[in-house]
Amino acid sequence: TSPAMDNSPLDSQIAAQHVANASTACPLLAIPHDVWISVACGLQLQDMAACSASCQFLQAENADDELWLHHFMASCWPPSNALLAFAENAAGRLACIDWRERLQTRTQAPATIVVDIGRGYTKWGVVHGVRGRSEGNTLKPRFVQLSSSSTSPADCAPSHQLNYIEHTLDGLLVRAAQDPSDPLYTVAVGRCLSEFPASELTSRGLRLCCFRKGLLSETGINLDFKVATLKEFHEERGCWSLEFYSTGQRQRASSNSGHRMPQHSSNETQEAQDDEGYEQLSEENHLILAKPTDLRLIPHARELPMLLGEPFLETARRGQEETHVEVGASRWALSQREQLGGGRPAPVHVVEQARMSLWAHGIDHGLVVNIGQRITVAIPVINGKIVASMAMSSDASSVDLTQRMHQLVAMNRREDLLTWSRDMKELHCYVAPPSPHTRGLSLASRLRAGDDFGVEAVVVRTPGGDEVTLDRERVLVPEFLFEAGHGLPELLTSCVESCLEAGECDGQGARDLLQRIVLVGGAAEFPGLRPRVEFEVRELLRHGDGSFPRLREAFASSGEVFVLNPPLGRHGPITSPRFAPFVGGCIRAATSLPLSNLSSLTVELPTPSVSQRRQTIRNDILARLFNVDGSVIFRAGGGGGFDDQIWMQFRDAYARDTDSDDDDMGEDAGDTAEQHHADAHQEEDEGIWEDGEEEKDDDADDDEADAAS
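None of the values given here were measured: they were computed from a predicted structure.

Observations regarding the overall build of the chain
Across its full length, the chain holds 32 helices and 22 strands. Here the chain holds 709 residues, and the buried ones make up 51% of them. In the chain, the share of contacts with a sequence separation of at least 24, taken over all contacts with a separation of at least 6, comes to 69%. Surface accessibility of the chain: about 33600 Å² in total, with carbon and sulfur atoms responsible for 47%.

Some words on unusual backbone geometry
For the peptide bond that leads from Trp77 to Pro78, omega is 5°, which places it in the cis range. With respect to the helices and strands, Pro78 occurs in the loop between α5 (65-75) and α6 (81-87). The phi dihedral of Phe548 falls on the positive side, at around 55°, and the residue is not glycine. Among the secondary structure elements, Phe548 is positioned in the loop between α23 (529-542) and α24 (549-554). Under the relative-accessibility criterion, Phe548 is labelled buried at 13%.

Quick notes on helix α25 (residues 580-589)
Among the ten residues that make up α25, ten are buried, leaving the element largely enclosed by the rest of the structure. All of the buried residues in α25 are Ala580, Pro581, Phe582, Val583, Gly584, Gly585, Cys586, Ile587, Arg588 and Ala589.

Focus on the pattern of salt bridges
Close approach of charged atoms lets side chains of opposite charge pair. Per the stated rule, a full pass over the model turns up 23 salt bridges. Linking Asp423 and Arg422 is a salt bridge whose minimum nitrogen-to-oxygen distance equals 3.0 Å. Asp423 sits in the partly exposed class, given a relative accessible area of 27%. For Arg422, a relative accessible area of 37% corresponds to the partly exposed category. Salt-bridge contacts for Glu426 lead to Arg578; the nearest nitrogen and oxygen are separated by 3.9 Å. Residue Glu426 is located in helix α18 (residues 418-428), and its partner Arg578 is located in the loop between β20 (572-573) and α25; the two are separated by 152 residues in the primary sequence. The network of salt bridges with shared partners includes Glu88, Arg102 and Arg106.

With respect to the packing of aromatic side chains
Throughout the structure, instances matching the rule amount to six aromatic pairs. Both rings, one in Phe72 and one in Trp99, keep their centres 4.8 Å apart while their planes meet at 50°; by these two values the pair is tilted. Of this pair, Phe72 sits in helix α5 while Trp99 sits in helix α7 (residues 99-108), and the two are 27 residues apart along the sequence. Accessibility assignment for this pair places Phe72 and Trp99 in one class, buried. Seen in terms of ring centroids, Tyr121 and Phe143 are 5.3 Å apart; in terms of plane orientation they differ by 70°. Their pairing is edge-to-face.

What about the nonpolar core?
Ranked by size, the top nonpolar core spans 52 residues in total, and within it Leu481, Leu514, Leu529, Val533 and Leu551 carry the most contacts. Here this core takes seven residues from helix α21 (residues 488-501), the largest share from any one element. Ignoring sequence-local partners within four residues, the contact set of Val533 consists of Phe482, Leu488, Leu492, Leu519 and Val563. In this structure, Tyr164, Leu169, Leu173 and Ala301 belong to the second largest nonpolar core, which totals 38 residues.

Let's talk about the packing of α21 against α23
Where α21 contacts α23, the axes come no closer than 9 Å and their chain directions differ by 55°. Relative to α23, the element α21 lies oblique. Considering only the axes of α21 and α23, their crossing is right-handed. Across the interface between the two elements, Leu488, Pro489, Glu490, Leu492 and Thr493 from α21 touch Leu529, Val533, Glu536, Val537 and Leu540 from α23. Classifying every residue of the contact of α21 with α23 gives seven nonpolar, one polar and two charged.

Describing the environment of Ser445
Tracing the backbone shows Ser445 in helix α19 (residues 443-448). At a separation of 2.9 Å, a polar atom in the side chain of Ser445 contacts the side chain of Ser442.

Some remarks on the sheet that holds strand β6 (residues 227-234)
Note on sheets: strands pair through backbone hydrogen bonds, and any given pair is parallel or antiparallel. Spatially, five strands are ordered β8-β7-β6-β5-β9 in an open sheet, and the strand pairing comes out antiparallel. Unpaired on one side and paired on the other, β8 (287-290) and β9 (295-297) mark the two borders of the sheet. Going from strand to strand, the sheet's axes swing by 45° on average, the running direction of each strand aside. Taken together, the three bridges between strand β5 (residues 208-211) and β6 define a ladder with antiparallel strand orientation. Among the inter-strand pairings, Cys209 is bridged to a residue of β6, identified as Ala228.

Concerning the pairing of strand β18 (residues 517-520)
Residues Ile517 and Leu519 of β18 are buried on one face, and the alternating residues Val518 and Val520, pointing to the opposite face, are buried as well. Strand direction decides the pairing type here: strand β12 (residues 366-371) and β18, joined by four bridges, are parallel. Bridge pairing in β18 links Val369 to Leu519.

Some details on the confidence of the model for the chain
Here the chain shows a mean pLDDT of 77. Residues at 70 or above account for 73%. Of all helices and strands in the chain, the one with the weakest mean pLDDT is helix α13 (residues 276-283) (36), whereas strand β1 (residues 112-116) scores best (97). When the criterion is pLDDT under 50, residues 637-642 qualifies, and its contacts beyond four places in sequence or with other chains add up to 28 contacts.

Considerations on the side chain of Asn370
With respect to the helices, strands and loops of the structure, Asn370 is situated in strand β12. Leaving out residues up to four positions away in the same chain, Asn370 has contacts with Phe312, Ile375, Thr376, Val377, Val520 and Gly521.

A short note on α23
With 14 residues, α23 ought to run about 20 Å at 1.5 Å a step, and its terminal C-alpha atoms sit 20 Å apart, in line with that. Among the 14 residues that make up α23, 14 are buried, leaving the element largely enclosed by the rest of the structure.

A short note on the packing of helix α17 (residues 398-409) against α18
One can describe the packing of α17 onto α18 by two numbers: an axis separation of 8 Å at closest approach and a directional angle of 105°. By the angle between their directions, the pair α17 and α18 is classed as roughly perpendicular. The residues of α18 that touch α17, namely those facing Ser398, Leu401, Thr402, Met405, His406 and Val409, are Leu418, Trp420, Ser421, Arg422, Met424 and Lys425. Grouping the amino acids of the contact of α17 with α18 by side-chain chemistry returns six nonpolar, four polar and two charged.

Let's talk about the environment of Trp332
Note on placement: Trp332 falls in helix α15 (residues 331-340). Of the residues examined, Trp332 reaches a relative accessible area of 12% and is grouped as buried. In the structure, Trp332 is positioned 18 residues away from Glu314 in sequence and 7.4 Å away in space, judged by C-alpha atoms.

Reading the values: rules and limits
Residues numbered from 1 in each chain as written. Predicted model: local features only at pLDDT ≥ 70, side-chain atom pairs only at ≥ 80, totals over all residues. Heavy atoms only, no water. Helix = DSSP H or I, 4+ residues; strand = E, 2+ residues; numbered from the N terminus. Buried < 20%, exposed > 50% of the residue type's maximum accessible area, 1.4 Å probe, protein only. Contact = heavy atoms within 4.5 Å. Areas by Shrake-Rupley, 256 points an atom, 1.4 Å probe, with all protein chains shown as cover. Salt bridge = Lys/Arg side-chain N within 4 Å of Asp/Glu carboxyl O. Phe/Tyr/Trp six-rings, centres within 6.5 Å; stacked < 30°, edge-to-face > 60°. Core = buried A, V, L, I, M, F, W, Y, C linked by side-chain atoms within 4.5 Å. Axes fitted to C-alpha atoms, helices over the stretch in contact; angles between N-to-C directions. Parallel < 35°, antiparallel > 145°, perpendicular 65-115°, else oblique. Left-handed = near helix turned anticlockwise from the far one by under 90°. Nonpolar A, V, L, I, M, F, W, Y, C, P; charged D, E, K, R; others polar. Polar contact = N/O pair within 3.5 Å; in protein donor to acceptor, adjacent residues only side chain to side chain. Pairing = 2+ DSSP bridges. pLDDT = per-residue confidence, 0-100. Expected span 1.5 Å × (residues − 1).

Below, the structure written as structure tokens:
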């Protein structure tokens, strides 16, 4: 360090000489800032910490805001810049946020239980802002089966499902504490016992803990990843007396719970008994002493925050009530809180599954359609607010599609093939392309006229071994979603038209709704469904025969309608339509923003200073650099995955149509579609239709089968 100097020319020369000498002695000082930042972007956080601890120069350089933005995007979950920026309410102001603080908040926050309650089965999982979902990179969450079938009994009654989830997670945490490779390990090995008063731990009943790594007992037993039960704290010695934990203790602890607990395989039980020291101490009921600093407390599931999704149908019912009721105070929400009990130490947050679905796509304004098991519901979300009073429903559902498949291929057979029909529907059906030149004809009529557009037959076997050929059934079943009276396009347009008439949104708000359509549910995974819905809604706006007048007036071009694809991350799809509400809840639960404010993702920031106003250009540059506009990049044809190639078959429909009633609108739509395809980033997945023939990729078929199962 050089002494303090005045501003005289001589002192300036001395200062310059000091800098030159220092640069010669320490070459790091000669590295330009941008060069070092480029190097640091390739380092892990642990490496950056080591660099900062070794040199004051690097410590100052590593405080760069944009460097921490890079590390935040690279370190946090989900692996998508667009979704991370949305979850942190940072789109458009990436340069105005302390990303180091946001990363620290995510790292120190507890994991959250996310529950997406359904009718037949409930999806749930555990998520952390940095470590991500406990299920790993798989698309599937954990399940609680609520309805019995011929092949699988129900896990529990719907009125006990949250208790079942907590009991199941308690067992998973105990197992994870003994296995560092388990995704739940970091959740299971919680805080050090020295952080808790002894009286607090003894008052909580049975508490489990695990030993820190590298610890040996006096008899030479390796205590790594061993689980023990706290017995008594000896103040005079400052130690806990413990007893090694056995699987029998867990079974006795849960025997009076009244809920079916997950059973472990014989191999897992044998692995626990193979440890000689563990078994010996358990059999002798031997107590050992350990210091609090050597122990880590295993948390109970009820000590973790929970985010609970309100089903679509419950949201729609709440909108029909005369008095407005907040989602957290509804009868349904109160019944769920009652199930968990009043003494739960961690909070329970309730939010609509419609908003959760939008969060999975990086938006908080759009139109969500859930093709449910018994009913299809469309719910508009306007500027982060659920407009439940404008929710609309259709009687088309997944059960109807299964029954239609059963009627077409299995009605006259003796064996019960309803479950088999459901599986065949999910494995082999896809949505047929539209035919703008035969408008008004049903798909069945087109097929009878010979317009089969290359439907390829597949041979399948029933559980009884009989061979069945599926050809036209593959497209006739999902076509039910487009038939008059309960079609998805009419449901969407009617919902937005009602919002306009009721004054819930203006013309721009209506355009935003139809530019951000999200389809969720198991039936939403039919290949070709999203581009077909997009095409049919555009056709309704162009040839509505006088219907939807306000909506048609609000749209300058019908080409402004878009259905969003499931989001892609850096390593592939983040979710599928079936699990979009659950993953959206995980994205919100993982953010550094408090869960207590679920009404809106908008966070009030301090009034920007003059220097912050000058960062507008930098914000725009960073937004383009990190590609954070989720509502655009997740559009069909915009690099969103499987349906991109399918969309290519629709692009000539507008150009060929010469309808005299709307020539100008047709030209605009054709130009929009043409430009849209020219800019689209195409994936490597093969599409369904090309020159009227089906070319379905075997790998894609397998992916669909996995998602369906």
